Protein chains: 2
Amino acid sequence: MKQPTQEFRVPVDDLEHFIKKALIRSATDEASAEAVTRALVTASRMGTDSHGLRLLPHYLKALQGGRISGHPEMRFSRRLPATGFLDADNGFGHLAAYTAMSHAGDMAEEVGLGAVAVGHSSHFGAAGCYAMAAAERGLIGMAFCNSDPFVLLHEGKAPFHGTNPIAFAAPVAGDSPYLLDMATSSVPWNRVQQYGAIGRELPDQVAADARGEVTRQPDEVAALLPLGGSDFGFKGAGLGGMVEVLSSTLAGMLNGFRLLPMGGPDMSTPRGIGHFVLAMNPAAFTEASTFQACLSDYLADLRSRPAMADSEVMAPGDREWRCRAQRDAEGIPLDSANQAAYAAMASELGLEPLKPMA
Amino acid sequence: MKQPTQEFRVPVDDLEHFIKKALIRSATDEASAEAVTRALVTASRMGTDSHGLRLLPHYLKALQGGRISGHPEMRFSRRLPATGFLDADNGFGHLAAYTAMSHAGDMAEEVGLGAVAVGHSSHFGAAGCYAMAAAERGLIGMAFCNSDPFVLLHEGKAPFHGTNPIAFAAPVAGDSPYLLDMATSSVPWNRVQQYGAIGRELPDQVAADARGEVTRQPDEVAALLPLGGSDFGFKGAGLGGMVEVLSSTLAGMLNGFRLLPMGGPDMSTPRGIGHFVLAMNPAAFTEASTFQACLSDYLADLRSRPAMADSEVMAPGDREWRCRAQRDAEGIPLDSANQAAYAAMASELGLEPLKPMA
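Definitions and cut-offs
- Residues numbered from 1 in each chain as written.
- Chains lettered and ligands numbered in written order.
- Predicted model: local features only at pLDDT ≥ 70, side-chain atom pairs only at ≥ 80, totals over all residues.
- Heavy atoms only, no water.
- UniProt positions renumbered as here; feature names shortened; annotations may be inferred.
- Phe/Tyr/Trp six-rings, centres within 6.5 Å; stacked < 30°, edge-to-face > 60°.
- Buried < 20%, exposed > 50% of the residue type's maximum accessible area, 1.4 Å probe, protein only.
- Helix = DSSP H or I, 4+ residues; strand = E, 2+ residues; numbered from the N terminus.
- Contact = heavy atoms within 4.5 Å.
- Core = buried A, V, L, I, M, F, W, Y, C linked by side-chain atoms within 4.5 Å.
- Buried area = accessible area lost by both parts, 1.4 Å probe.
- Salt bridge = Lys/Arg side-chain N within 4 Å of Asp/Glu carboxyl O.
- Nonpolar A, V, L, I, M, F, W, Y, C, P; charged D, E, K, R; others polar.
- Pairing = 2+ DSSP bridges.
- Axes fitted to C-alpha atoms, helices over the stretch in contact; angles between N-to-C directions.
- Least-squares fit on C-alpha atoms with pLDDT ≥ 70 in both.
- Disulfide = S-S within 2.5 Å.

In the annotation of an unreviewed UniProt entry, chain A is listed under the name Putative oxidoreductase YjmC and assigned to Halomonas lysinitropha. The Sequence similarities (unreviewed entry) field of the UniProt record for chain A holds the comment "Belongs to the LDH2/MDH2 oxidoreductase family."

Written out as structure tokens, the structure reads:
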């Protein structure tokens, strides 16, 4: 699914420059442009294409419509030594979440833990980016976000939760972190569209029609099933609910069911998305060296377990680090839709178009 | 599955007295007996029969063998204002986890968050008990625990993680909490045994044979599949791994793959189980009244969503509160195996046998 229909790969640096310039030309401040660029390029390098470069045109539309402010005055209040609230002033969720995790990390270094509820925010891309930001400074990080309704409740026949992601990253000495970044549905919404575009049946137990019945036909899909499908979807729905409680209620925001849809048509009213980030300092529980030794032993045990034929056992994140190394060397692929979208942005904003690597 | 084969129900108080006396007669101290009783009776009242009264004979065996100490000297060190480590001295996991959550709650009231890593512990029953203990004092609680290998990795063909549970509870004003308590496999191990005993096929995508291939025949089962099954088990396995990292590495314990099996035969060597508990003070993020209003709105939205025919949409915990009300009124059922086990304990320990309600 992730192969471009035509080979068109661009160097990471070129993509980075293009995204940042496009945002600056669309009247965002330096900090916002920097944060959005960092998150989109991180996702694209790791192969999380649903949350990478393809989101830029959407964000420019949201800026233009006024839904997202390119010059937010975000305000952080540290309410207690380990906690705080960040009012994101309807700016980019990426800037809000990086800022929140930066405060959470500072608190975790000082008192062992730090958590920040973020309100009045917007779509933040891939949750894993913010958990990784904690791991990059030696902390365990978690990030959560709510979103508008796509996913059924268990036994429900109409959507309620968003795909409400859970991200968890733990720092590994001398290596990339342990990184779990997952939606609480089995598949993301755009997977349905991708399958529809190529006329392929969906896997079983991932989506339902307008009556709430499981369907494998992309054109019949009205909702996603929570992780666990018809039989065990109470687990996925419960996890989605946990994400909702952390993201919206602690920030005093509307729950996902009441959010304006990401896709519009209203692109001028701020959506009031909530995030929640948590940082934990391993050395606040045991010696840092003990933690690192235990984590390394665990990962060595995991990676040496026998795999099914023609397959391999990986830790969460392993596939992504491999993709990142490959894309850093060979460039980041743009499929034909993204090639067209990036060409159109270049022409509208007067930027030099992206060129494929030789 | 949960119906007793013969109607034998006992009043909650009688069960409570029996369990506590059985533990005291088996040389446990008051605090340990109190904690184990509280956890087992809580689980049995709520209908979590896999983690309720049926575990008592196992615990007595572990006490007798010396694996679990009935007189532990648990030591808590608060390493930073929001964090600490509890050395459980190979005592009961129930006492360790209630003690850890009590410290975590104190820290959360003081600095906003509190987390405790627990080492040198043992099986703690249902994770939900400890998350609930936080919710009972107005805090959000989470509890995690590792266990010995039963569950495949994604693409793996041999067990690696335990059923590593995630519990999350949020306090609801004037009502029972929002309570999610889930294994990161689709089903618990004893579900396979229950299906086997009545000659029933398992649901699809929950268990595998010795080659790692999905099977629905209980007698072929060698491992459980992670939540998400063959296609999306990387999510369940990733969550199980998150639980493992929190439970064992932060406590400096062996990861679950290296733990001695719960079932023996070695009942004398302490297992070195790890737990992790986290408490969060909602008022440390927003006004307590705002949090409560948002959470109530969310639950009202959730419970009013349309359900499939002959079904209803519930919040996590709703089924359990209903069962608890019923069992508090009508007694807690013992199936024939538990009737026999409880009669045997009564006779061995010189206790008055449990009598069914009239």
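Enquirer: Could you give me a rundown of the packing of aromatic side chains, with the residues and numbers involved?
Expert: According to the stated counting rule, one finds 24 aromatic pairs over all chains in the structure shown. Taking 4.8 Å as the distance between ring centres and 35 degrees as the angle between the ring planes, the aromatic pair formed by B:F124 and B:Y130 counts as tilted. In this structure, B:F124 and B:Y130 share a single accessibility class: buried. Site record: aromatic cluster; members linked through ring pairs are A:F160, A:F257, B:F168, B:Y178 and B:Y298.

Enquirer: Explain the side chain of A:R9 residue by residue, including any values.
Expert: Residue and element names in this part refer to chain A. Tracing the backbone shows R9 in strand 1 (residues 9-10). Taking the relative accessible area as the measure of exposure, R9 reaches 15% and is therefore buried. Residues within four places of R9 in sequence aside, it is in contact with R327, E330, G331, I332, P333, K355, P356 and M357.

Enquirer: Could you give an account of the nonpolar core, with specific residues and numbers?
Expert: One broad trend across soluble globular proteins is that nonpolar side chains are buried collectively. The biggest cluster of nonpolar side chains holds 99 residues, and the ones touching the most others in it are A:F168, A:F276, B:F168 and B:F276. Discounting residues that sit within four places of it in the chain, B:F276 has contacts with A:M280, A:F285, B:A115, B:V116, B:A117, B:M142, B:A143, B:F144, B:L246, B:S247 and B:L250.

Enquirer: Before we move on, could you go through the interface of chain A and chain B and cite the residues and values that matter?
Expert: Reports often express the size of an interface as the amount of accessible area lost when the parts come together. The interface is formed by 87 residues belonging to chain A together with 87 residues belonging to chain B. When chain A packs against chain B, close to 6900 Å² is buried across both sides, 71% of that on carbon and sulfur atoms. A per-residue breakdown of the area chain A buries against chain B is headed by A:K235, A:F285 and A:M308, which together make up 11% of the total. Close ionic contact of A:R258 with B:D301 constitutes a salt bridge, the shortest N to O distance being 2.7 Å. A total of 11 residues in the side of chain A that touches chain B trace back to one element, the largest contributor, which is helix 7 (residues 229-247) of chain A. Of the residues contributing to the side of chain A that touches chain B, the split by class is 52 nonpolar, 20 polar and 15 charged.

Enquirer: Report on the sheet that holds strand 5 (residues 140-145) of chain B, specifying residues and quantitative values.
Expert: Backbone-to-backbone hydrogen bonds join strands into a sheet, with any given pair of strands oriented parallel or antiparallel. Reading across the sheet, the seven strands line up as 2-3-4-12-5-8-9 (chain B) and stay open at both edges, with mixed pairing between neighbours. Of all strands in the sheet, those bounded by a partner on one side alone are strand 2 (75-80) and strand 9 (175-182) of chain B. Each adjacent strand pair in this sheet contributes to an overall mean axis angle of 15 degrees, direction not counted. With six bridges joining them, strand 8 (residues 166-172) of chain B and strand 9 of chain B adopt antiparallel strand pairing. In the strand pairing of strand 9 of chain B, B:V172 is matched with B:D175. Its contacts with the sheet place helix 7 of chain A against strand 5, strand 8, strand 9 and strand 12 (273-280) of chain B, and it is angled at close to 125 degrees to strand 9 of chain B. Across the face of the sheet, helix 4 (residues 93-111) of chain B comes into contact with strand 2, strand 3 (83-87), strand 4 (113-121), strand 5 and strand 12 of chain B while running at roughly 160 degrees to strand 4 of chain B.

Enquirer: Residues and numbers for the sheet that holds strand 9 (residues 178-182) of chain A, please.
Expert: All names here are of chain A. Taken in spatial order, the seven strands of this open sheet run 2-3-4-12-5-8-9, and their pairing is mixed. Each edge of the sheet is formed by a strand with only one pairing partner; in this case those strands are strand 2 (75-80) and strand 9. Each strand axis lies, on average, 15 degrees off the axis of its neighbour in the sheet, ignoring direction. Relative to strand 8 (residues 166-170), strand 5 (residues 140-145) runs antiparallel, the two being bridged by four bridges. Looking at the pairing, F144 lines up with I166 of strand 8. Each of strand 5, strand 8 and strand 9 is contacted by helix 5 (residues 128-135), which is oriented at about 20 degrees to strand 8, the strand it contacts most.

Enquirer: Tell me about the pairing of strand 2 of chain A, residues and numbers included.
Expert: Residues and elements named next belong to chain A. As judged from the five bridges shared by strand 2 and strand 3 (residues 83-87), these two strands associate in the antiparallel manner. Following the sheet pairing, S77 is matched in strand 3 by F85. Linking strand 2 back to strand 3 in an antiparallel pair, the connection comprises two residues.

Enquirer: If you had to explain the environment of B:L23 to someone new, which residues and values would you point to?
Expert: All names here are of chain B. With respect to the secondary-structure elements, L23 resides in helix 1 (residues 12-25). Residue classification places L23 among the buried positions, given a relative accessible area of 0%. Along the chain, L23 and G212 lie 189 residues apart, while their C-alpha atoms are 40 Å from each other.

Enquirer: So, the relation of the copies chain A and chain B: which residues are in play, and what are the values?
Expert: After a rotation of 180 degrees and a shift along the axis of 0.0 Å, chain A superposes on chain B with an RMSD of 0.0 Å. The operation mapping one copy onto its partner corresponds to a two-fold rotation axis. Relative to the rotation axis, the C-alpha of A:G228 is the closest in chain A, positioned 2.6 Å from it.

Enquirer: Explain the pairing of strand 5 of chain A residue by residue, including any values.
Expert: Residue and element names in this part refer to chain A. Burial analysis of strand 5 places six of its six residues in the buried class, the great majority of the element. As paired strands, strand 5 and strand 12 (residues 273-280) are joined by six bridges and run antiparallel to one another. From the neighbouring strand, I140 faces strand 12, where its bridge partner is M280.

Enquirer: Break down unusual backbone geometry for me, citing the residues and quoting the values.
Expert: Looking along the chain, the bond that leaves A:G264 and enters A:P265 is cis, with omega of 15 degrees. In this model, A:D89 sits at a positive phi of 50 degrees, which is unusual for a non-glycine residue. Here A:D89 lies in the loop between strand 3 and helix 4 (93-111). Even without glycine at this site, B:A27 takes up a positive phi of about 65 degrees. You can see B:A27 is positioned in the loop between helix 1 and helix 2 (30-46). Under the relative-accessibility criterion, B:A27 is labelled partly exposed at 48%.

Enquirer: Explain the pattern of salt bridges to me, using residue names and the numbers behind them.
Expert: All names here are of chain A. This model, assessed by the stated rule, comprises 34 salt bridges over all chains. Between R216 and E201 there is a salt bridge, with the nearest N and O atoms lying 3.9 Å from each other. Of this pair, R216 sits in the loop between strand 10 (207-208) and strand 11 (223-224) while E201 sits in the loop between helix 6 (189-197) and strand 10, and the two are 15 residues apart along the sequence. Judged by its relative accessible area of 35%, R216 is partly exposed.

Enquirer: Quick one: what's the story with the environment of A:P356, residue by residue and with numbers?
Expert: Residues and elements named next belong to chain A. Structurally, the position occupied by P356 is in the segment after helix 10 (336-349). Given the relative accessible area of 42%, P356 is considered partly exposed. Separated by 202 residues in the primary sequence, P356 and H154 have C-alpha atoms spaced 46 Å apart. For P356, the residues in contact, after removing those within four places along its chain, are F8 and R9.

Enquirer: Residues and numbers for the state of the cysteines, please.
Expert: Within this structure, the stated rule accounts for zero disulfides over all chains. Of all cysteine sulfurs in the structure, the one in A:C129 sits closest to A:C323, which takes part in no disulfide; the separation is 14 Å. For A:C323, a relative accessible area of 15% translates into the label buried. In this structure B:C129 is a free cysteine whose sulfur lies 12 Å from that of B:C145, the closest cysteine sulfur available.

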